Amino acid sequence: MTHDTIAAIATAPGQGGVSIVRLSGGEAEKILMHLFRPAKRGLTSLTSHLLTYGHVMDGEEVIDECMAVIMRAPRSYTREDVAEFQLHGGAFTPQRVLGCCLNAGARLAEPGEFTRRAFLNGRLDLSEAEAVMSLIAARGEQAHRAAMRQLQGGASSFIRQAADELYTIAAGIAACVDYPEEITEEEATEGLSSKLKTLADRLDAACSERSARLLAQGLQVVLCGRPNVGKSSLLNALLGEDRAIVTPIPGTTRDVVTGDMLLGGCQIHLTDTAGLRDTDDPVERLGVARSGKAMAEADVVLVVLDHASPLTEADKTLLQEQNRDNTMVIVNKTDLPPVWDASEIAALCPKGKVLTLAAALPETLQPLKEELRRRATVSDQLALTQPRHMDAARRAAGYLRQAAATVDAGLPVDLTTVDITAAQCALGEITGDQVDEKLLDAVFSQFCVGK
């Protein structure tokens, strides 16, 4: 199947200026020229990597006015012959052209099959191939930068450097086993445990599940508090739109209301929750229960207080319950006369960061935005940002520590080779040096068709 010619629509469905139908494989150029009629008469062959104007045909019927291009191997995305029709966007035309390609001998591509061929043909390693999908899915500048670092070999470079160190260690052990009269076991094990542990520590340090999740999902921020403290007004002010309904009637928000924003290229996911109070209304009680679940799963909890009305026992209880490092206490409505001192919060929620603002005054929101951006920022030095990569790196680190324990126990050095080999295989899963069809199927099934 990797030697036939595949075809797919490479652009998102719906109306747009351009739709692209892409082919890859040995018959790509033949199918292109079968369907394409260049505007320049007598033109029987296209120059590689040069767009040519003409019409795409179904027999003698003109389907569309278009541009066509052939990118001959190996100078293409898949390192095979790749052909494209650049059509007018819409629902019908690209599907019609794709059907003509299939009738002419192409096969419909599977999800991610173009990138899978790029990997199999050596243009990308597996981590770089995965970066393609991360780049497509990026919803902010920070996620885009991380995907580009991976696409340009950031993860591969880190893993290959670790693998090279491991191969050097393995070679030293092999030399001791094969030539015991020249290299004693004492010489082979000198400093070996320390090297294995240092490498394991470096692999663990490169993994940050929180950072990876921030890149993929954004910072999860939940606004909570009793009714009418201004949660919905604050949500609307941060988003710059009327997402949540705002009224002076307690219990207006009965379910979670969400919205997304970008701060300094970082994605922030905001959730407004139902006002926390005891109620006999079954709908409102369900909303309060959902509020508790959202707070438990949040990266940041914004406890919103009303500075213009007295602190209640419910406020104090909530502050004590949310006395965590991920809590920010928002003293709202500072544009109105205050009735309590913000210094009271320190005793109730000493771990929470306190910010004062007025949702009605946009200029007062800047400190909150800066703090959210700071908490959503991921270090550009993070080497591994994919859950699959982190899992493999941690398994490798575990094997290395087992090998170090073997050395520390004074056991024969050749017993470490099993764990060292397992660590090498785990690292090879990241770059694709050690893969099977099941792993490739799992990776590329997440891709969209046409990429």
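Overview of the structure. (Residues numbered from 1 in each chain as written. Predicted model: local features only at pLDDT ≥ 70, side-chain atom pairs only at ≥ 80, totals over all residues. Heavy atoms only, no water.)

1. Topic: the overall build of the protein chain
Okay, so step 1: Across its full length, the protein chain carries 17 helices and 13 strands.
Okay, so step 2: Relative to the 2.2 N^0.38 estimate, which gives 22 Å for 451 residues, the radius of gyration of the protein chain is 29 Å and therefore markedly larger than a compact globule would have.
Okay, so step 3: In terms of its C-alpha atoms, the protein chain occupies a principal-axis envelope of roughly 85 × 80 × 40 Å.
Okay, so step 4: Looking at the protein chain as a whole, 48% of its 451 residues are labelled buried.
Okay, so step 5: Within the protein chain, contacts between residues separated by at least 24 positions form 67% of all contacts whose residues are at least 6 apart in sequence.
Okay, so step 6: Surface summary for the protein chain: the accessible area is close to 21700 Å², and the carbon and sulfur share equals 53%.
Okay, so step 7: Seen as two clouds, the 45 positive and the 61 negative side-chain charges of the protein chain have centres 6 Å apart. (Helix = DSSP H or I, 4+ residues; strand = E, 2+ residues; numbered from the N terminus. Rg over C-alpha atoms; globule rule 2.2 N^0.38 Å. Buried < 20%, exposed > 50% of the residue type's maximum accessible area, 1.4 Å probe, protein only. Contact = heavy atoms within 4.5 Å. Areas by Shrake-Rupley, 256 points an atom, 1.4 Å probe, with all protein chains shown as cover. Lys, Arg positive; Asp, Glu negative; His and termini not counted. Charge placed at Lys NZ, Arg CZ, Asp CG, Glu CD.)

2. So, the layout of surface pockets
Okay, so step 1: Estimates place the volume of the largest pocket at around 550 Å³.
Okay, so step 2: Going through the elements one at a time, helix H4 (126–137), helix H5 (141–151), helix H9 (209–217) and helix H15 (387–408) are the ones with two or more residues in the lining of the largest pocket.
Okay, so step 3: At six residues, H9 tops the list of elements feeding residues into the lining of the largest pocket.
Okay, so step 4: Taken together, the residues that form the lining of the largest pocket break down as 13 nonpolar, seven polar and five charged. (1 Å grid on protein atoms, 1.4 Å probe; cavity = no way out; pocket = protein on both sides within 12 Å on 5 of 7 lines; lining within 4 Å. Points joined across faces, edges and corners; volume = space filled by probe spheres on them. Nonpolar A, V, L, I, M, F, W, Y, C, P; charged D, E, K, R; others polar.)

3. Remarks on the packing of aromatic side chains
Okay, so step 1: All told, the structure shown has zero aromatic pairs when counted by the stated rule.
Okay, so step 2: Above the plane of the ring of Phe114 lies Arg22, whose end atom (NZ or CZ) is 5.8 Å from the centre. (Phe/Tyr/Trp six-rings, centres within 6.5 Å; stacked < 30°, edge-to-face > 60°. Lys NZ or Arg CZ within 6 Å of the ring centre and 35° of its normal.)

4. Structural notes on empty space enclosed by the protein
Okay, so step 1: With the rule as written, the count across this model stands at one cavity of 30 Å³ or more.
Okay, so step 2: Within this model, the largest cavity holds a volume of roughly 70 Å³.
Okay, so step 3: Gly140, Gln142, Ala143, Leu214, Leu215, Gly218, Leu219, Gly265, Cys266, Gln267 and Ala376 are the residues that line the largest cavity.
Okay, so step 4: Of all the elements in the fold, those that place two or more residues in the lining of the largest cavity are H5, H9 and strand S10 (266–272).
Okay, so step 5: Class assignment for the residues of the lining of the largest cavity results in six nonpolar, five polar and no charged.

5. Points about a negative patch on the surface
Okay, so step 1: Among the surface-exposed residues, Glu185, Glu186, Glu187, Glu190 and Asp414 lie close enough to one another that they form a single negatively charged patch.
Okay, so step 2: Mapped onto the elements of the fold, Asp414 is located in the loop between H15 and helix H16 (416–431). (Patch = residues over 30% accessible without salt bridge, like charges linked within 9 Å, V, L, I, M, F, W, Y side chains within 5 Å. Salt bridge = Lys/Arg side-chain N within 4 Å of Asp/Glu carboxyl O.)

6. So, the sheet that holds strand S7 (residues 107–108)
Okay, so step 1: Within the open sheet, the seven strands sit side by side as S3-S4-S5-S6-S2-S1-S7. Their pairing is mixed. The strands lining the two open edges of the sheet, one partner per strand, are strand S3 (36–38) and S7.
Okay, so step 2: Bridging between strand S1 (residues 6–9) and S7 involves two bridges; their strand directions are parallel. Residue pairing for S7: Ile6 is matched across the bridge by Arg107. (Pairing = 2+ DSSP bridges.)

7. With respect to the nonpolar core
Okay, so step 1: Ranked by size, the top nonpolar core spans 34 residues in total, and within it Leu196, Leu203, Leu384, Leu400 and Leu427 carry the most contacts.
Okay, so step 2: Those elements that place two or more of their residues in this core are helix H6 (154–178), helix H8 (192–205), H15 and H16.
Okay, so step 3: Each residue touching Leu203, except ones within four places of it in the same chain, is listed here: Phe158, Ile159, Ala162, Ala393, Ala396, Ala397, Leu400 and Leu427.
Okay, so step 4: Of all hydrophobic cores here, the second largest spans 30 residues; its members include Leu234, Leu235, Ile330 and Val378. (Core = buried A, V, L, I, M, F, W, Y, C linked by side-chain atoms within 4.5 Å.)

8. Observations regarding the sheet that holds strand S13 (residues 353–356)
Okay, so step 1: Read across the sheet, six strands follow the order S9-S10-S8-S11-S12-S13 without closing on themselves; strand pairing throughout is mixed. The open sheet has two free edges, formed respectively by strand S9 (257–263) and S13, since each of these has just one partner strand. Strand after strand, the sheet turns through a mean of 25 degrees between neighbouring axes, direction not considered.
Okay, so step 2: The pairing of strand S8 (residues 219–224) with S10 spans five bridges and is classified as parallel. Bridging from a neighbouring strand, Val222 pairs with Thr271 of S10.
Okay, so step 3: On the sheet, helix H14 (residues 366–376) packs against S8, S9, S10, strand S11 (300–306), strand S12 (327–332) and S13 and is oriented at approximately 170 degrees with respect to S12. (Axes fitted to C-alpha atoms, helices over the stretch in contact; angles between N-to-C directions.)

9. Some thoughts on the side chain of Gln424
Okay, so step 1: Within the secondary structure layout, Gln424 lies in helix H16.
Okay, so step 2: Look at Gln424 and you get buried, because its relative accessible area is 17%.
Okay, so step 3: With sequence-adjacent residues up to four places away left out, Gln424 is seen in contact with Leu166, Tyr167 and Ala170.

10. Some details on the pattern of salt bridges
Between side chains of opposite charge, a pair can form when the charged atoms approach closely.
Okay, so step 1: Under the defined criterion, the tally for this structure stands at 32 salt bridges.
Okay, so step 2: Among the ionic pairs, Arg107 bridges to Asp4, the shortest N-O distance being 2.7 Å. With Arg107 in strand S7 and Asp4 in the segment before S1, this residue pair connects regions lying 103 residues apart in the sequence.
Okay, so step 3: A salt bridge links Glu80 to Arg117; the shortest N-O distance between them is 3.0 Å. Taken together, the positions of Glu80 in the loop between strand S5 (61–71) and strand S6 (82–88) and Arg117 in helix H3 (residues 113–120) put the pair 37 residues apart, joining distant regions of the chain. This pair shows no difference in class: Glu80 is buried, exactly as Arg117 is.
Okay, so step 4: Ionic contacts of the salt-bridge type, sharing partners, join the residues Asp4, Glu80, Arg107, Glu113 and Arg117 into one network.

11. Remarks on the packing of H4 against helix H17 (residues 437–444)
Okay, so step 1: Running from amino to carboxyl end, H4 crosses H17 at an angle of 20 degrees, the nearest separation of the two axes being 10 Å. As the angle between them shows, H4 and H17 are arranged roughly parallel. Contacts between H4 and H17 involve Leu126, Ala129 and Glu130 from the former and Leu439, Leu440, Val443 and Phe444 from the latter.
Okay, so step 2: Within the contact of H4 with H17, the residues separate by chemical class into six nonpolar, no polar and one charged. (Parallel < 35°, antiparallel > 145°, perpendicular 65-115°, else oblique.)

12. Some words on H9
Okay, so step 1: Those residues of H9 that fall on the buried side of the exposure criterion are Ser211, Ala212, Leu214 and Leu215. Down the axis of H9, the smallest arc covering the buried residues is 160 degrees, so these residues share one side. Summarising the geometry of H9, the exposed residues directed more than 90 degrees from the buried face are Glu209 and Ala216.
Okay, so step 2: As for H9, its buried residues are in contact with H5, S8, H14 and H15. (Arc of directions from axis to C-beta.)

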